[in-house]
Amino acid sequence: MSFPEISFYFFSTILVLSALGVITSRNPVHAALLLVLAFFTSAGLWLLLGAEFLAITLVLVYVGAVMVLFLFVVMMLDINLDQLREGFWKWFPFGALLALVMAVEVAMVLINKGFGIGQMPVPSPHAPDYSNTKELGRLIYTEYVYAFELAAVILLVAMVAAIALTLRHRSGSKFLDPAQQVAVKRKDRIRIVSMPSEKKE
Amino acid sequence: MVYAQQFFGQFFGTEWGPMFFSLTKNLLLIFAIVLPLLLGVAYLTFAERKIIAFMQLRVGPNRVTFFGIPWLAGWGQPIADAVKAMMKEIIVPERANKFLFVLAPVLTIAPALAAWAVVPFSPEMVLADINAGLLYILAMTSMGVYGVIIAGWASNSKYAFLGTMRTAAQVVSYELAMGFALVCVLMMSQSLNLGDIVKGQQGGSLINWYLIPLFPMFLVYFISGVAETNRAPFDVAEGESEIVAGFHVEYSGMAFTVFFLAEYANMILVATLASIMFLGGWLPPINIVPFTLIPGFIWLLLKIAFMLFCFLWFRATFPRYRYDQIMRLGWKVFIPITLVWIVLLGGIMQLPSSFLGMFPLNLWFH
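Just so we're clear, the structure is a prediction, and the values are computed from it rather than from any experiment. (Residues numbered from 1 in each chain as written. Chains lettered and ligands numbered in written order. Predicted model: local features only at pLDDT ≥ 70, side-chain atom pairs only at ≥ 80, totals over all residues. Heavy atoms only, no water.)

Peer 1: It is not clear to me how the overall build of chain B should be interpreted in this structure. Could you clarify?
Peer 2: Helix and strand content of chain B: 13 helices and zero strands. Secondary structure elements of chain B occur, N-terminal to C-terminal, as α-α-α-α-α-α-α-α-α-α-α-α-α. Over its C-alpha trace chain B gives a radius of gyration of 22 Å, about what one expects of a compact globule, namely 21 Å for 366 residues. Along the three orthogonal principal directions, the C-alpha set of chain B runs to about 70 × 65 × 50 Å. Residue burial in chain B is summarised as follows: out of 366 residues, 49% are buried. Taking the intrachain contacts of chain B between residues at least 6 apart in sequence as the baseline, contacts between residues at least 24 apart amount to 73%. (Helix = DSSP H or I, 4+ residues; strand = E, 2+ residues; numbered from the N terminus. Rg over C-alpha atoms; globule rule 2.2 N^0.38 Å. Buried < 20%, exposed > 50% of the residue type's maximum accessible area, 1.4 Å probe, protein only. Contact = heavy atoms within 4.5 Å.)

Structure follows, in structure tokens:
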């Protein structure tokens, strides 16, 4: 067994175990932290594949930003497990159906001859100065530019919609505008009065 | 080096020998980076106490010395502090989540040290010369916030949790501005490799450094760096006058010290990155004889020392920001500035070179 193989099995074991932990853990904070571990190990797997840009971006975006906000919300929730369990059997058929569809999809990829690993061309090894980032950037901004811009616009719309839905102005809140506060000059706040000193009687 | 390689080949066989050799070599190199870094952290705390003391007309630590030598008075203080911290008991609160409570300091210091793997100290001195170096550093520094979050949550204490929420919101918001400022640097250098970024600033003198064409981005990066490391004037995460000590209020002994090691290691990292990306890294300020004789590593150290001095200077000078002002500065001031600058820089870089050549003082855009 060579070193990349050992790393592959090491990362895969951690990935599978932490992913199982995410759905079995009773504590939502533990589940979120295990999800972070799962993301991090899958980034390790992508590094083994030579996709360093995707791997580091996964860590930067999902681990560094998305999961932080996720954890932030989960930590502040007061989750009652019994309440969560109530609807379990009611929603079980729906969940089972989803799981079945996903299993069939995976099976199609793995079993079907048209998708099999033998059908895929062996990727050619890259030159030492090959930059994953540069190639990806070139493809995204030339060949796939419309799809990329479309995805960006959809994300922007979703973001604006989320803000518009949750934005509400409370009347009577004592909000101070920092811009005005910063712009304050001395003469706006204090008045220097010249007074003669009092004489001792 | 060759003998060591042969020895490993004989000892472990031809299949495993080269692997163990590179493993041992890299481990030794990691020690060669981490040990001076930790020593630097220890003496940065000493420098901080001395410099702030001088700024406030005090003396600062002046007792602990080595072997009773009088002119070294005070220089033993960091060592004494470290020994004191190691001797103290680590108290785990009764209702705390023990595993996460112990894990949190480790998760804080690990990314702070891991980011140093791609930092080039001179043209040849770099542990991992990877293409996506800048991206790697951003990813590693963004991981540091987990230690803070877990520490606050696992302590099972209201003050710690309040400190955690403040820090998490602050660090995530300033990461954006920091990332956008660095996007400008990589647009100028057209590379994510830190060594190539320094090489892009070559050209004879300090006018070629990215400090000049990207001056607003340098300010944004450095201020965001101060906010990312939770240093004064953005130290609301541990505002001792507001929430006792923030996220690490329940920690004691070495566990508490590890948080501070991480904070100071992050400070040195931000200073180093600012030197590499805006101040020309190992390049001398002017490419003439007395300056070029000094090795590049010394120049880098001098630049890092200056940036660190600025950190301490800020702490001695500025009053603490109010929390909503911090958020305003990050989201409403820095992010728009950086976005406008990215578009502007892209526009300038797309201008025809015949037009750019018409300006005799233009040294940066070709």
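From this point, things continue past the structure.
Peer 1: How should the overall build of chain A be read in this particular structure?
Peer 2: Counting its secondary structure elements, chain A contains nine helices and zero strands. Its helices and strands taken in sequence order, chain A reads α-α-α-α-α-α-α-α-α from the N to the C terminus. Expected size for 201 residues packed as a compact globule is a radius of gyration near 17 Å; at 28 Å, chain A overshoots this value by more than 25%. Dimensions of chain A, computed from C-alpha atoms along their principal axes, come out at roughly 110 × 55 × 40 Å. Looking at the 201 residues of chain A, the share that counts as buried comes to 17%. Pairs at least 24 apart in sequence give 53% of the contacts found in chain A among residues at least 6 apart. For chain A, the exposed area adds up to about 16,700 Å²; of that, 69% sits on carbon and sulfur atoms. Looking at chain A, you have 16 positive and 14 negative side-chain charges, and the mean spots of the two groups are 15 Å apart. (Areas by Shrake-Rupley, 256 points an atom, 1.4 Å probe, with all protein chains shown as cover. Lys, Arg positive; Asp, Glu negative; His and termini not counted. Charge placed at Lys NZ, Arg CZ, Asp CG, Glu CD.)

Peer 1: Before we go on, may I ask you to explain the environment of B:Val92 in this structure?
Peer 2: Residues and elements named next belong to chain B. Along the chain, Val 92 turns up in the loop between α2 (77-87) and α3 (98-114). Distance from Val 92 to Pro 295, taken between C-alpha atoms, is 48 Å for residues 203 residues apart in sequence. Those residues in contact with Val 92, other than ones at most four positions away along the chain, are Lys 98 and Phe 101.

Peer 1: I would appreciate a short explanation of the interface of chain B and chain A in the present structure.
Peer 2: With 31 residues of chain B at the interface, the matching set in chain A holds 33 residues. A per-residue breakdown of the area chain B buries against chain A is headed by B:Leu135, B:Tyr146 and B:Trp153, which together make up 22% of the total. Across the contact surface, chain B and chain A share zero salt bridges. If you list the elements that add at least two residues to the side of chain B that touches chain A, you get α1 (2-55), α4 (133-143), α5 (145-154), α6 (158-189) and α12 (323-350) of chain B. Of the residues contributing to the side of chain B that touches chain A, the split by class is 21 nonpolar, six polar and four charged. (Buried area = accessible area lost by both parts, 1.4 Å probe. Salt bridge = Lys/Arg side-chain N within 4 Å of Asp/Glu carboxyl O. Nonpolar A, V, L, I, M, F, W, Y, C, P; charged D, E, K, R; others polar.)

Peer 1: What is the right way to read the packing of α6(B) against helix α8 (residues 215-228) of chain B from this model?
Peer 2: Between two packed helices, the angle of one axis relative to the other and the distance separating the axes together describe the packing. Residue and element names in this part refer to chain B. Where α6 meets α8, the closest approach of the two axes is 9 Å, and the angle between their N-to-C directions is 155 degrees. Classified by the angle their axes make, α6 and α8 are roughly antiparallel. Here α6 runs over α8; the crossing is left-handed. Counting all contacts with α6, which are made through Gln 170, Val 171, Tyr 174, Glu 175, Ala 177, Met 178, Ala 181, Leu 182 and Cys 184, the residues of α8 involved are Met 217, Val 220, Tyr 221, Ser 224, Gly 225, Ala 227 and Glu 228. The residue inventory of the contact of α6 with α8, partitioned by class, reads eleven nonpolar, three polar and two charged. (Axes fitted to C-alpha atoms, helices over the stretch in contact; angles between N-to-C directions. Parallel < 35°, antiparallel > 145°, perpendicular 65-115°, else oblique. Left-handed = near helix turned anticlockwise from the far one by under 90°.)

Peer 1: Looking at this model, I keep getting lost on empty space enclosed by the protein. Mind explaining?
Peer 2: Unfilled space is identified by rolling a water-sized probe across the atoms. All names here are of chain B. Scanning all chains against the criterion turns up three cavities of 30 Å³ or more. Of the volumes computed, that of the largest cavity is approximately 330 Å³. Around the largest cavity, the lining is made up of 24 residues, and of these Gly 144, Glu 228, Thr 229, Asn 230 and Asn 266 lie nearest the centre. Breaking the lining of the largest cavity down by element, the ones donating at least two residues are α3, α4, α5, α6 and α9 (253-277). Broken down by element, the residue count for the lining of the largest cavity peaks at seven residues, all from α9. Along the lines of polarity and charge, the residues of the lining of the largest cavity split into 13 nonpolar, eight polar and three charged. Here the second largest cavity defines a volume of roughly 50 Å³. Residue lining of the second largest cavity: Val 118, Pro 120, Val 126, Ala 128, Asp 129, Ile 130, Gly 133, Asn 193, Leu 194 and Gly 195, and that is the complete set. Taken together, the residues of the lining of the second largest cavity sort by class into six nonpolar, three polar and one charged. (1 Å grid on protein atoms, 1.4 Å probe; cavity = no way out; pocket = protein on both sides within 12 Å on 5 of 7 lines; lining within 4 Å. Points joined across faces, edges and corners; volume = space filled by probe spheres on them.)

Peer 1: Whenever I open this one, the layout of surface pockets confuses me. Can you help?
Peer 2: Residue and element names in this part refer to chain A. Taken as a whole, the second largest pocket encloses approximately 1,800 Å³ of empty space. Looking at the lining of the second largest pocket element by element, the count peaks at eleven residues for helix α2 (residues 28-48). Of the residues assigned to the lining of the second largest pocket, the class counts are 41 nonpolar, seven polar and one charged.

Peer 1: What exactly am I supposed to notice about the packing of α1(B) against helix α11 (residues 296-317) of chain B here?
Peer 2: Residue and element names in this part refer to chain B. Closest axis-to-axis distance for the α1/α11 pair is 10 Å, and the angle between their directions is 50 degrees. The pairing of α1 with α11 is recorded here as oblique in orientation. At the point where α1 passes α11, the crossing takes the right-handed sense. Facing α1, whose interface residues are Leu 44, Ala 47, Glu 48, Ile 51, Ile 52 and Met 55, α11 presents Leu 308, Phe 309, Leu 312, Trp 313, Arg 315 and Ala 316. Residue classes in the contact of α1 with α11 are distributed as ten nonpolar, no polar and two charged.

Peer 1: What's the story with the side chain of B:Ser224 in this structure? I'm lost.
Peer 2: All names here are of chain B. Relative to the helices and strands, Ser 224 is located in helix α8. A residue is classified by how much of its surface remains accessible, and Ser 224, at 0% relative accessible area, is buried. Within the structure, Ser 224 has its side chain in polar contact with the backbone oxygen of Val 220 (distance 2.7 Å). (Polar contact = N/O pair within 3.5 Å; in protein donor to acceptor, adjacent residues only side chain to side chain.)

Peer 1: Teacher, can you tell me more about the packing of aromatic side chains here?
Peer 2: Where two aromatic rings form a pair, the distance of their centres and the angle of their planes describe that pair. All names here are of chain B. Within the structure shown, the criterion is met by 27 aromatic pairs over all chains. A centroid spacing of 5.2 Å and a plane angle of 35 degrees characterise the contact between Phe 234 and Tyr 321, whose relative ring orientation is tilted. Remark: Tyr 321 occurs in the loop between α11 and α12 and Phe 234 occurs in the loop between α8 and α9; sequence separation between them is 87 residues. When its relative accessible area of 29% is taken as the criterion, Tyr 321 is described as partly exposed. (Phe/Tyr/Trp six-rings, centres within 6.5 Å; stacked < 30°, edge-to-face > 60°.)

Peer 1: Would you mind showing me how to read the confidence of the model for chain A here?
Peer 2: Regions with low pLDDT carry predicted coordinates that are not meant to be interpreted in detail. The predicted model of chain A has a mean per-residue pLDDT of 84, with 93% of residues at 70 or higher. Of all helices and strands in chain A, the one with the weakest mean pLDDT is helix α4 (residues 81-85) of chain A (70), whereas helix α7 (residues 145-166) of chain A scores best (93). (pLDDT = per-residue confidence, 0-100.)

Peer 1: Would you mind going over α6(B) with me for this structure?
Peer 2: One turn of the α-helix equals 3.6 residues, which is why residues spaced by three or four share an orientation. All names here are of chain B. Its 32 residues give α6 an end-to-end C-alpha distance of 46 Å, which sits within 8% of 46 Å, the value for a rise of 1.5 Å per residue. Most of α6 is tucked away, with 23 of its 32 residues classed as buried. Count one or two residues on from α6 and you reach Gln 190, which has phi positive near 55 degrees. (Expected span 1.5 Å × (residues − 1).)

Peer 1: Would you mind going over the nonpolar core with me for this structure?
Peer 2: One recurring pattern in soluble globular proteins: nonpolar side chains tend to sit buried together. In terms of nonpolar packing, the biggest core is built from 112 residues, with B:Leu194, B:Leu214, B:Tyr221, B:Met277 and B:Phe278 touching the most fellow members. B:Tyr221 has contacts with B:Met178, B:Ala181, B:Leu182, B:Val270, B:Leu273, B:Ala274 and B:Phe278, leaving out every residue within four places of it along the chain. (Core = buried A, V, L, I, M, F, W, Y, C linked by side-chain atoms within 4.5 Å.)

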